[in-house]
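What follows is the residue order along each chain.
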Amino acid sequence: QKMPPSLPATINIREPRWDQSTFQGRAKHFFMVTDPRNLLLSGATLEEARRVVEDYRAGTVHPGLTEDQLWRAKYIYDSAFHPDTGEKMILVGRMSAQVPMNMTITGCMLTFYRTTPAVLFWQWVNQSFNAIVNYTNRSGDAPITPGQLGTAYVSATTGAVVTALGLKSLTKHLPAIIGRYVPFAAVAAANCINIPLMRQRELKLGIPVMDENGNRLGESTAAAQKAIFQVVVSRIGMAVPAMAIPPVIMNMLEKRALLKRYPYLNAPLQVGLVGLCLVFATPLCCALFPQKSSMPVSSLEPEVQDQIRKKDQGLETVYFNKGL
C-alpha cells in the first residue's frame, strides 16, 4: 500500500488555523479552544499532542502525520499547556473548563439569589474561580505577583458582593423578574474591577507592540488600555445570554405546575439553560475582537511613536496580543 506523502514542515502552527481577520474564522478558532471535551482527555493523549507539536516546531515530522492530525494536536496542546512557560495548566483554569465551571456557578447564582448568605457565597465562589482563570492564563511577559492576585481577588469579590447586596435591597419592592437580574449586574461590576486590577502591570508599564511580522517595537500603555477594554467587553458579553435568557424562562416555568410540584428541579434546569447559552456565548464573545489586535501608530503615546519612527519611518499600524 502506498504511503501518504510526508507533511511539509512549513505549516505555521503558532497561529490559529482559520483566518483571524474575519469573525467566522475567529469563531471557529474559539469553538476549538473552549471545547469542554478537551477536559476529558487522558494525560497520555496530552503528552502525545505535546510531543507532536514540539517535534513539528523543531522540524521533525512524524511519519504518516496528516494536516488534520497536526492541527488537532496543536489545539489539544494549546488547551492544556501554558503558551509561555509550557507547563501543564490547572484543570479548572483552562479555557476548556469555562463552560462547565461557569454554567454551574452562574446557574447557582441565578437560582440562589434571594438570601444574603447565598449571594455572599456564590459571588465569592465566582470570584475565586475568576482568580484561578486569570492566574492560569497569565502572560509570561507580565507575571502576576501574589500581592496583585490578592488585591484583584479581594477588590473584585468586594465589588461584586456590594453591588449584589445593594441592588438586592433596591429591588425588594419591584417585580420578581427584576430581582433575577441582580447577579448579572454584580458579575458585570466585578469584571470591570477584576480584569484591570489583574492586568495593572500592563496599564503601568505597557504591553509589547509589534509590526506585521512580529518584530517587537516597544511597550505601550495605550495598547494595554485598548486590550483590557476589549477583554472586559468580551467577558461581560459572555455573561449576557447566560444571565439574561434563563431568568425569563425560569420566571415563566415557576408559574406552571411542574416547578411548584417538583421545586428541586429549579437548580438543574437553571444550570442546564445557562450551559446551553454558554456553549455558544463563550466562543462567540471571545471572537468579538481579533486576538492579534491592532491600532494606528498615531494613537500611541508620543514617546512610543518617536521610538517606532526611529526604527521604521513609514509604519502606520502596530499589533498586540489583547489576551483573553
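In every chain, residue numbers begin from 1 and rise along the written sequence. In keeping with the predicted nature of the model, local features appear solely for residues at pLDDT of at least 70, side-chain atom pairs appear and are counted solely at 80 or more, and the whole-chain, interface and lining totals rest on all residues. As a rule here, side-chain values come from all non-hydrogen atoms in the structure, and water together with hydrogens is ignored.

J.: Quick one: what's the story with a nonpolar patch on the surface, residue by residue and with numbers?
T.: Side chains of F23, F31, F229, V233, L276, V279, F280, L284 and L288 sit close together on the surface and give an oily, nonpolar patch of about 780 Å² of accessible area. At the level of elements, α1 (23-33), α10 (221-253) and α12 (266-286) are the ones that each hand at least two residues to the nonpolar patch. Helix and strand assignments follow DSSP, with helices taken as H or I runs no shorter than four residues and strands as E runs no shorter than two, numbered in order from the N terminus. For the nonpolar patch, the element with the most residues is α12, which contributes four residues. Here F229 lies in helix α10. Exposure above 30% relative accessible area and the absence of a salt bridge qualify a residue for a patch, where like charges join within 9 Å and nonpolar side chains (Val, Leu, Ile, Met, Phe, Trp, Tyr) within 5 Å. Here the accessible surface of atoms and residues is derived via Shrake-Rupley with a 1.4 Å probe, and residues count as covered only by protein chains that are part of the display. For salt bridges, the criterion is a side-chain nitrogen of Lys or Arg within 4 Å of an Asp or Glu carboxyl oxygen.

J.: Which residues make up the packing of helix α8 (residues 182-198) against α10, and what values do they have?
T.: Angles run from 0 to 180 degrees between N-to-C directions of axes, and those axes are lines fitted to C-alpha atoms, restricted for helices to the stretch in contact. The geometry of α8 relative to α10 is characterised by a closest axis approach of 10 Å and an angle of 160° between their N-to-C directions. It follows that α8 is roughly antiparallel to α10 by the angle criterion. Our pair here, α8 against α10, has a crossing hand that is right-handed. Judged by residue contacts, P183, F184, V187, A188, N191, C192, I195 and P196 of α8 engage I228, V231, V232, R235, I236, A239, V240 and M243 from α10. Any residue that is not Ala, Val, Leu, Ile, Met, Phe, Trp, Tyr, Cys, Pro, Asp, Glu, Lys or Arg is counted as polar, Gly included; the first ten are nonpolar and the last four charged. In terms of residue class, the contact of α8 with α10 is made up of 14 nonpolar, one polar and one charged. If an angle is under 35 degrees, it is roughly parallel; if it is over 145, roughly antiparallel; if it lies from 65 to 115, roughly perpendicular; otherwise it is oblique. In a left-handed crossing the near helix is turned counterclockwise from the far helix by less than a right angle, and in a right-handed crossing that turn is clockwise. Residue contacts are counted whenever heavy atoms from the two residues lie within 4.5 Å of one another.

J.: Tell me about empty space enclosed by the protein, and name the residues and values.
T.: Buriedness for pockets is judged along seven lines, at least five of which must meet protein on both sides within 12 Å for an open set on the 1 Å grid over protein atoms alone, while cavities are sets there where a 1.4 Å probe fits but cannot get out, and lining residues have an atom within 4 Å of a point. Grid points are joined across faces, edges and corners, and a volume is the space filled by probe spheres set on the points. One pass over the structure, following the stated rule, counts three cavities of 30 Å³ or more. Here the largest cavity defines a volume of roughly 230 Å³. Lining the largest cavity are 16 residues, with N102, N130, V187, N191 and R235 sitting closest to its centre. For the lining of the largest cavity, the secondary structure elements donating two or more residues are α4 (98-111), α5 (116-136), α8 and α10. At five residues, α10 tops the list of elements feeding residues into the lining of the largest cavity. When grouped by side-chain class, the residues that make up the lining of the largest cavity number nine nonpolar, six polar and one charged.

J.: Kindly report on the pairing of strand β1 (residues 207-210), identifying the contributing residues and their values.
T.: Think of it this way: DSSP has to see at least two bridges between two strands before they count as a pair. Summarising the sheet, β1 and strand β2 (residues 216-220) pair through four bridges and their orientation is antiparallel. Pairing of M210 across the sheet is with R216, part of β2. Taking the residues between adjacent antiparallel strands as the criterion, β1 and β2 are bridged by five residues, where G214 takes a positive phi near 85°.

J.: Any chance you could break down the domain arrangement of the protein chain for me, citing the residues and the numbers?
T.: Start and end positions for the domains come from either an automated domain assignment or a database one. One can read the domain layout of the protein chain as domain 1 (23-88) and domain 2 (95-321). Centre-to-centre, using C-alpha coordinates, domain 1 lies 25 Å away from domain 2. Listed by partner, the interface residues are 15 residues for domain 1 and 22 residues for domain 2. Taken together, both faces of the contact between domain 1 and domain 2 bury some 1,400 Å²; the carbon and sulfur share is 69%. Computed with a 1.4 Å rolling probe, the buried area is the accessible surface lost when two parts are put together, summed over both parts.

J.: Account for the nonpolar core, with residues named and values stated.
T.: By nonpolar core we mean a set of buried residues, namely Ala, Val, Leu, Ile, Met, Phe, Trp, Tyr and Cys, connected to one another through side-chain atoms within 4.5 Å. To sort residues, take the accessible area from a 1.4 Å probe on protein chains only and compare it with the maximum for the residue type: under 20% means buried, over 50% means exposed, and anything in between is partly exposed. Of all hydrophobic cores here, the largest spans 26 residues; its most connected members are L7, I11, I13, Y56, L65 and L70. Listing elements by their share of this core, those giving two or more residues are α1, α2 (43-57), α3 (67-80) and α12. Looking at which element gives the most residues to this core, the answer is α3, with seven residues. By size, the runner-up hydrophobic cluster in this structure holds 16 residues, among which are I105, M109, V274 and L278.

J.: Describe the UniProt feature "transmembrane region" (unreviewed entry) in the protein chain, and please don't skip the residues or the numbers.
T.: UniProt positions are given in the numbering used here, feature names are shortened, and annotations may be inferred rather than shown by experiment. UniProt records the feature "transmembrane region" (unreviewed entry) at residues 227-249 and 269-289, using the numbering of this structure. Secondary structure across residues 227-249 divides into 100% helix and 0% strand, with the first and last C-alpha atoms of the span separated by 35 Å.

J.: Residue-level account of the pattern of salt bridges, with values.
T.: Taken as a whole, this structure holds seven salt bridges when the rule is applied. When the shortest N-O distance is used, the salt bridge between R50 and E47 registers 3.2 Å. Note that R50 and E47 are positioned in helix α2 at a spacing of three residues, about one turn of the helix.

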